Amino acid sequence: MYRFLLTPRWWGINVFVLLAIPFCVFMGSWQLGRFEDRMQNQRTASEQAASARTEAARPLSELLPVDTKTSGKQAIATGRYGTQLLVPDRDLDGKRGFYVLTMLRTDTGKALPVVRGWLPGDADPAKAPAPPTGEVTVTGALQASESPGSNGASAAGGLPEGQTGAISSASLVNLVPYTPYDAWITLAEADSGMKAVPATVPQNTGLDLKAFQNLGYTGEWFVFAGFVVFMWFRLLRREVEFARDAALGLTPAAPEARTEEPAGQETAGERNAPASPSPAP
């Protein structure tokens, strides 16, 4: 009854199933591993942020470029404040407001974006306090450049002059007359009555949307594996039932066999057809 499994058609089906199931399991396990890695990164980033608050500040040059190990570390830089920009639509403690971002020109010739604090309401230059004059030394948590759509960064364009949607070197290079660092810091103690902006975890870490996408893909791949097994058993059962019916003579005859007339027997149409006239002499 199961001899059909040796036919070329079933050889192809079996090979496909034997390859598809391990592949689906491998991909599901890989996506699950990605999710677990992001959870571990979240724990590491949280522990690092907690320890960074108690560590001594280090010179900015020692912490660049920013990566998952240096993000959140306390950095110290010296320079003079220059151009000031506002970063609208930033939430803090459940309230909508804006960041006050001031460029700190250093001796290297580059400028470090410094978030001096947060103010509630719409971005208004009249509300933002002027930066200190003269040479200043600032200390704050080091952060990587933002990308649109991350950490509240706006992807919308057309902002008024003096505003930027994202704190990134790619955006700031078109707004300030000097080369910005590919990093920024947020002051531990805000200036002039503003609220300090807490440091954020590095991008692509933690339980963000991408992490839950990995978890969803994990479920999808295991469902695909189960579906392949289900379809194989369903095809097998149908083939067995067909073979059993054929062995018992229960398989219906083909339509051609039911309409075939015995050789030499006239059909009903031929018997009822009028006789054709004899040809004229």
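Reading the values: the criteria
Residues numbered from 1 in each chain as written. Predicted model: local features only at pLDDT ≥ 70, side-chain atom pairs only at ≥ 80, totals over all residues. Heavy atoms only, no water. Salt bridge = Lys/Arg side-chain N within 4 Å of Asp/Glu carboxyl O. Buried < 20%, exposed > 50% of the residue type's maximum accessible area, 1.4 Å probe, protein only. Phe/Tyr/Trp six-rings, centres within 6.5 Å; stacked < 30°, edge-to-face > 60°. Helix = DSSP H or I, 4+ residues; strand = E, 2+ residues; numbered from the N terminus. Lys NZ or Arg CZ within 6 Å of the ring centre and 35° of its normal. Contact = heavy atoms within 4.5 Å. Core = buried A, V, L, I, M, F, W, Y, C linked by side-chain atoms within 4.5 Å. Patch = residues over 30% accessible without salt bridge, like charges linked within 9 Å, V, L, I, M, F, W, Y side chains within 5 Å. Areas by Shrake-Rupley, 256 points an atom, 1.4 Å probe, with all protein chains shown as cover. Pairing = 2+ DSSP bridges. pLDDT = per-residue confidence, 0-100.

Engineer: Break down the pattern of salt bridges for me, with residues and values.
Structural biologist: Under the criterion given, the structure shown has seven salt bridges. R58 is paired through a salt bridge with E62; the nearest N and O atoms lie 3.6 Å apart. Residue classification places R58 among the partly exposed residues on the basis of a relative accessible area of 36%. Among the charged side chains, a network of salt bridges with common partners joins D89, R96 and D122.

Engineer: Go over the packing of aromatic side chains, please, and point to the residues and values.
Structural biologist: As enumerated under the stated definition, the model contains four aromatic pairs in all. With a centroid separation of 5.5 Å and 85° between ring planes, the pair formed by F23 and W221 is classed as edge-to-face. One end of the pair, F23, is in helix α1 (residues 8-52); the other, W221, is in helix α4 (residues 209-247), and 198 residues separate them in sequence. In this structure F23 comes out as partly exposed when scored by relative accessible area, which is 46%. Consider the rings of W232 and F233, whose centres lie 5.0 Å apart with planes at 85°: the pair is edge-to-face. A cation sits over an aromatic face here: R116 above Y81, 5.8 Å from the ring centre.

Engineer: So what's going on with the environment of I167? Which residues, and what values?
Structural biologist: Mapped onto the elements, I167 comes out in the loop between β5 (135-144) and α3 (169-172). On the basis of relative accessibility, which here comes to 1%, the residue I167 falls in the buried class. Taking the C-alpha atoms as reference, I167 lies 8.9 Å from A144; in sequence the two are 23 residues apart. Apart from the residues within four sequence positions on either side, I167 is in contact with V87, R90, Y99, L101, P113, V115, S145, E146 and W184.

Engineer: So what about the nonpolar core? Which residues, and what values?
Structural biologist: Note on soluble globular proteins: their nonpolar side chains tend to be buried together. Ranked by size, the top nonpolar core spans 16 residues in total, and within it L104, L112, V114, V138, L142 and I185 carry the most contacts. Elements supplying a minimum of two residues to this core: α2 (60-63), β2 (74-92), β4 (111-120), β5 and β6 (183-187). For V114, the residues in contact, after removing those within four places along its chain, are Y81, V100, L101, T102, L104, V138, I185 and L187. Counting 15 residues, the second-largest nonpolar core is a separate cluster that includes M103, V115, W184 and V197.

Engineer: Provide a residue-level description of a nonpolar patch on the surface, including the pertinent values.
Structural biologist: Taken together, the side chains of L6, W11, V15 and L19 make up a nonpolar region of the molecular surface, amounting to roughly 460 Å² of accessible area. Assessed through its relative accessible area of 59%, L19 is described here as exposed.

Engineer: Lay out the pairing of β5 with the relevant residues and their values.
Structural biologist: For a regular strand, the rule is simple: side chains alternate between the two faces of the sheet. Note that β2 and β5 share seven bridges and pair antiparallel. Within β5, the residue paired with A75 across the bridge is G140. As defined by bridge partners, β5 adjoins β6 across five bridges and the pair is classed as antiparallel. Among the inter-strand pairings, A141 is bridged to a residue of β6, identified as T186.

Engineer: Tell me about the confidence of the model for the protein, and name the residues and values.
Structural biologist: Per-chain confidence: the protein averages 82 in pLDDT, with 78% of residues scoring 70 or above. Note on residues 253-261: pLDDT is under 50 here. Beyond four places in sequence and across chains, it has two contacts.

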